[in-house]
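Results of the structural survey
Residues per chain are reported as follows:
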Amino acid sequence: MSLLKKTILSITAQGHKAFVPYIMAGDGGLNKLQPTILKLQQLGVTAIEVGIPFTDPVADGPTIERAGERALANGTTLHTVLETLTSFASELTVPLVAMTYLNPILAYGTEKFAKDARAAGIRGVIIPDMPLEESEIVQPALKNASIDLVQLVSLTSTPERIERLTKRSEGFIYAVTVNGITGARSSFATQLDEHFKKIQTYTDTPVLAGFGISTPDHVKSFGSFCSGVIVGSKIVDCLVQDDWTTIENLVKASKTVAMK
Ligand SMILES: O=P(O)(O)OC[C@@H](O)[C@@H](O)c1c[nH]c2ccccc12
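These numbers were taken from a predicted model, which means no experiment stands behind them. (Residues numbered from 1 in each chain as written. Predicted model: local features only at pLDDT ≥ 70, side-chain atom pairs only at ≥ 80, totals over all residues.)

Right, let's get into the site of the ligand. Contacts to the ligand come from 20 residues, most closely from Ala59, Pro128, Thr182, Gly232 and Ser233. When contributions to the shell around the ligand are tallied by element, the ones reaching two or more residues are strand 2 (48-51), strand 8 (228-231) and helix 11 (233-240). Looking at the shell around the ligand residue by residue, the classes come out as 10 nonpolar, seven polar and three charged. (Near = placed C-beta within 6 Å. Helix = DSSP H or I, 4+ residues; strand = E, 2+ residues; numbered from the N terminus. Nonpolar A, V, L, I, M, F, W, Y, C, P; charged D, E, K, R; others polar.)

Pasting the structure below:
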């Protein structure tokens, strides 16, 4: 079993929920990356999703898009992100998951990417613009480096597709909670619990909810019917404002969820 999957399952076995913050590497400068990651792991997060800035982030809402623009403006590249992560990889106690579009990986070279990413502490990759049918482009190289390829399941996927994505997803299943792009939201569609429970019937790989989650109450309500949550835009905002209290309260909520 992969480290990522094992890590999440050990959290749920303790009666807690996984909490995976998303950060944009290079937002505020790459010298912020090490202190931010070390502080997040100290707060007890399960894994950290590290975004690689990209010029054409089609799945991203305004908060993450602007964070990416700031990171690109100060010269952040996939290369410099991996180099920075590698410089403190020995201090990592949680697995990192890279969120990147396909182009930067292809430009870097898939074999080299997999090897360097692994040395940087990356144990999973999310590539939102790469359809399942094309995963052969990167999967063999990732497999060689023991890096999971995490699949995104959308609300509008057909049941057959959901089953296929779920069975192929490694590490965890990224279940998207809304139709649309990333960004903090105040409310969600009803009956999402049925959708999430259905996804979990196909596999023992944990299902995590992401998109829009931005309050401790969201963390608790999604956590009541899946294995945990991913929080992006809200974390990115808090980091810009240096608001660690809000981040701490979100993490705490994942440790006090009651299963329905
Ligand atoms: O920002 P939100 O709504 O909290 O959603 C998480 C999301 O930002 C993060 O997982 C992510 C950032 N960019 C993505 C692109 C595709 C899928 C997921 C992502």
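From this point, the discussion proceeds with the structure in view.
This part is about helix 6 (residues 110-119). Residues Phe113, Ala114 and Ala117 constitute the buried set of helix 6. Projection of helix 6 onto a plane perpendicular to its axis shows the buried side chains occupying an angular sector of 95°, all on one side. Contacts made by the buried residues of helix 6 are with helix 4 (78-87), strand 3 (96-99), helix 5 (102-108), strand 4 (122-126) and helix 7 (139-144). One or two positions beyond helix 6, positive phi appears at Gly121, with a value near 95°. (Buried ≥ 20, exposed ≤ 12 C-beta atoms within 10 Å, placed from the backbone. Arc of directions from axis to C-beta. Contact = placed C-beta atoms within 7 Å.)

On to the nonpolar core, then. With 73 residues, the main nonpolar core has Ile48, Tyr174, Ala175 and Leu208 as its most contacted residues. Looking at this core, the element that brings in the most residues is strand 1 (residues 18-24), giving six residues. Each residue touching Ala175, except ones within four places of it in the same chain, is listed here: Val153, Phe196, Ile199, Val207, Leu208, Ala209 and Cys226. (Core = buried A, V, L, I, M, F, W, Y, C linked by C-beta atoms within 7 Å.)

Where strand 4 lies against strand 5 (residues 148-153), three bridges are found, and the strand directions are parallel. Residue pairing for strand 5: Ile126 is matched across the bridge by Val150. Crossover connection from strand 4 via helix 7 to parallel strand 5: handedness right-handed. Each parallel crossover has a hand, and for strand 5 linked through helix 8 (residues 159-168) to strand 6 (residues 173-176) it is right-handed. (Pairing = 2+ DSSP bridges. Right-handed = clockwise from strand over helix to strand, strands pointing away.)

Next up on the list: the environment of Ser187. Structurally, Ser187 can be placed in the loop between strand 6 and helix 9 (192-201). Linking Ser187 and Ile147, residues 40 residues apart in sequence, is a C-alpha distance of 34 Å.

Under the present numbering, the feature "active site" (unreviewed entry) in UniProt falls on Glu49 and Asp60. Here Glu49 shows up in strand 2. Of the residues examined, Glu49 has 24 C-beta atoms within 10 Å and is grouped as buried. Among residues more than four places away in sequence, those in contact with Glu49 are Val20, Pro21, Tyr22, Val97, Met99 and Ile230. Taking the C-beta count within 10 Å as the criterion, Asp60 has 23 such neighbours and is therefore assigned buried. When residues no more than four places from it in sequence are discounted, the contact partners of Asp60 are Glu65, Gly68, Ile181 and Thr182. (UniProt positions renumbered as here; feature names shortened; annotations may be inferred.)

Pairing within the closed barrel is parallel, and its eight strands lie in the order 1-2-3-4-5-6-7-8. Along the sheet, successive strands turn relative to each other by an average axial angle of 25°, direction set aside. Pairing of strand 3 with strand 4, which is carried by four bridges, proceeds in the parallel orientation. Within strand 4, the position partnered with Ala98 by the bridge is Val125. (Axes fitted to C-alpha atoms, helices over the stretch in contact; angles between N-to-C directions.)

This next bit is on unusual backbone geometry. Note: most peptide bonds trans; most residues except glycine with negative phi. The residue Ser146 is not glycine, and still its phi comes out positive at about 55°. Here Ser146 falls in the exposed class, since 12 other C-beta atoms lie within 10 Å of it. Unlike most non-glycine residues, Asp242 shows phi in positive territory, near 55°.

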